[in-house]
Amino acid sequence: MKEDCIFCKIINNEIPSTKVYEDDTLIAFNDINPIAPVHILVVPKVHVENLMELEDNELLVHIVEVIKQIAKEQGIDKEGFRVVTNNGENAGQEVKHLHFHILGGKKLGVN
Ligand code: 5GP
Ligand code: ZN
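The structure presented is a predicted model; accordingly, all values stated were derived computationally and were not measured. (Residues numbered from 1 in each chain as written. Chains lettered and ligands numbered in written order. Predicted model: local features only at pLDDT ≥ 70, side-chain atom pairs only at ≥ 80, totals over all residues. Heavy atoms only, no water.)

Quick notes on the site of ligand 1
Residues in close proximity to ligand 1 total 16 residues, the closest being Asp31, Glu94, Val95, His99 and His101. One of the backbone N or O atoms of Glu94 is found 2.8 Å from an oxygen atom in ligand 1. One nitrogen or oxygen atom from the main chain of Val95 is found 2.9 Å from an oxygen atom belonging to ligand 1. Protein chains bury 86% of the 520 Å² of accessible surface belonging to ligand 1 in isolation. Elements represented by at least two residues in the shell around ligand 1 include exactly helix H1 (6-11) and strand S2 (26-30). Residue composition of the shell around ligand 1, grouped by class: 7 nonpolar, 7 polar and 2 charged. (Near = heavy atom within 4 Å. Polar contact = N/O pair within 3.5 Å; in protein donor to acceptor, adjacent residues only side chain to side chain. Areas by Shrake-Rupley, 256 points an atom, 1.4 Å probe, with all protein chains shown as cover. Helix = DSSP H or I, 4+ residues; strand = E, 2+ residues; numbered from the N terminus. Nonpolar A, V, L, I, M, F, W, Y, C, P; charged D, E, K, R; others polar.)

Here it is in structure tokens:
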């Protein structure tokens, strides 16, 4: 838990969110400002800034498993979806707590 981290606050239920999945190691909730019909953020509970700080490969594998499960539950697994993690300044990472965007439900642009 890092002070002033919005996603740590969501994890601690200090800020409400629409959760679609939760277990001991991660949560997933709807993005507050969706850019696609399905826009879910998958967030590990441990506070690491981005991929460069993550050293737990088991957690990374688990994140990918949960992403696939959510895609199935949301009915976007067959038609396709995008997984994005913005890593650092040039990527425009706004929230400095590692998270993966799941985007789907429409034909996505090249960017
Ligand atoms: P980034 O640019 O860091 O990859 O994306 C951060 C994402 O977090 C953005 O898509 C933004 O809409 C989302 N976001 C920021 N604050 C909140 C919040 O308080 N609740 C939820 N559900 N999403 C948030
Ligand atoms: Zn955090």
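Observations concerning the nonpolar core
In this structure, Ile40, Val42, Ile63, Ile70 and Ile102 are the most contacted members of the largest nonpolar core, which totals 18 residues. When residues in this core are grouped by element, the largest group, 6 residues, is from helix H2 (residues 57-73). In contact with Ile40, not counting residues within four places along its chain, are Val20, Ala28, Phe29, Asn30, Asp31, Ile70, Gln74, Phe100, His101 and Ile102. Counting 10 residues, the second-largest nonpolar core is a separate cluster that includes Cys5, Ile27, Leu41 and Val43. (Core = buried A, V, L, I, M, F, W, Y, C linked by side-chain atoms within 4.5 Å. Buried < 20%, exposed > 50% of the residue type's maximum accessible area, 1.4 Å probe, protein only. Contact = heavy atoms within 4.5 Å.)

Overview of the coordination of the zinc ion (ligand 2)
Around the zinc ion (ligand 2), the protein supplies Cys5 (SG), Cys8 (SG), His47 (ND1) and His97 (ND1) as donor atoms, at distances of 2.0 to 2.3 Å. What the 4 donor atoms of the zinc ion (ligand 2) show is an angle range of 102 to 115 degrees at the metal, which sorts the shape as tetrahedral. The sequence motif formed by the donor residues of the zinc ion (ligand 2) is C-x2-C-x38-H-x49-H. Here His47 lies in the loop between strand S3 (38-44) and H2 and Cys5 lies in the segment before H1, a separation of 42 residues in the sequence. Note on accessibility: Cys5 and His47 belong to one class, buried. (Donors = N, O, S within 2.8 Å, 3.2 Å for Na, K, Ca; no water. Tetrahedral: all angles 85-135°; square planar, octahedral: opposite > 155°, others 65-115°.)

Some remarks on the sheet that holds strand S5 (residues 100-104)
Across the sheet, which stays open at both edges, the 5 strands sit in the order S1-S2-S3-S5-S4 with antiparallel pairing between neighbours. Looking along the sheet, the strands with just one partner apiece sit at the ends: strand S1 (19-22) and strand S4 (81-84). Averaged over all neighbouring strand pairs, the angle between strand axes comes to 15 degrees, with direction disregarded. Two elements, S2 and S3, share 5 bridges in a ladder whose sense is antiparallel. Following the sheet pairing, Asn30 is matched in S3 by Ile40. (Pairing = 2+ DSSP bridges. Axes fitted to C-alpha atoms, helices over the stretch in contact; angles between N-to-C directions.)

By themselves, these observations are geometric and do not establish any function.
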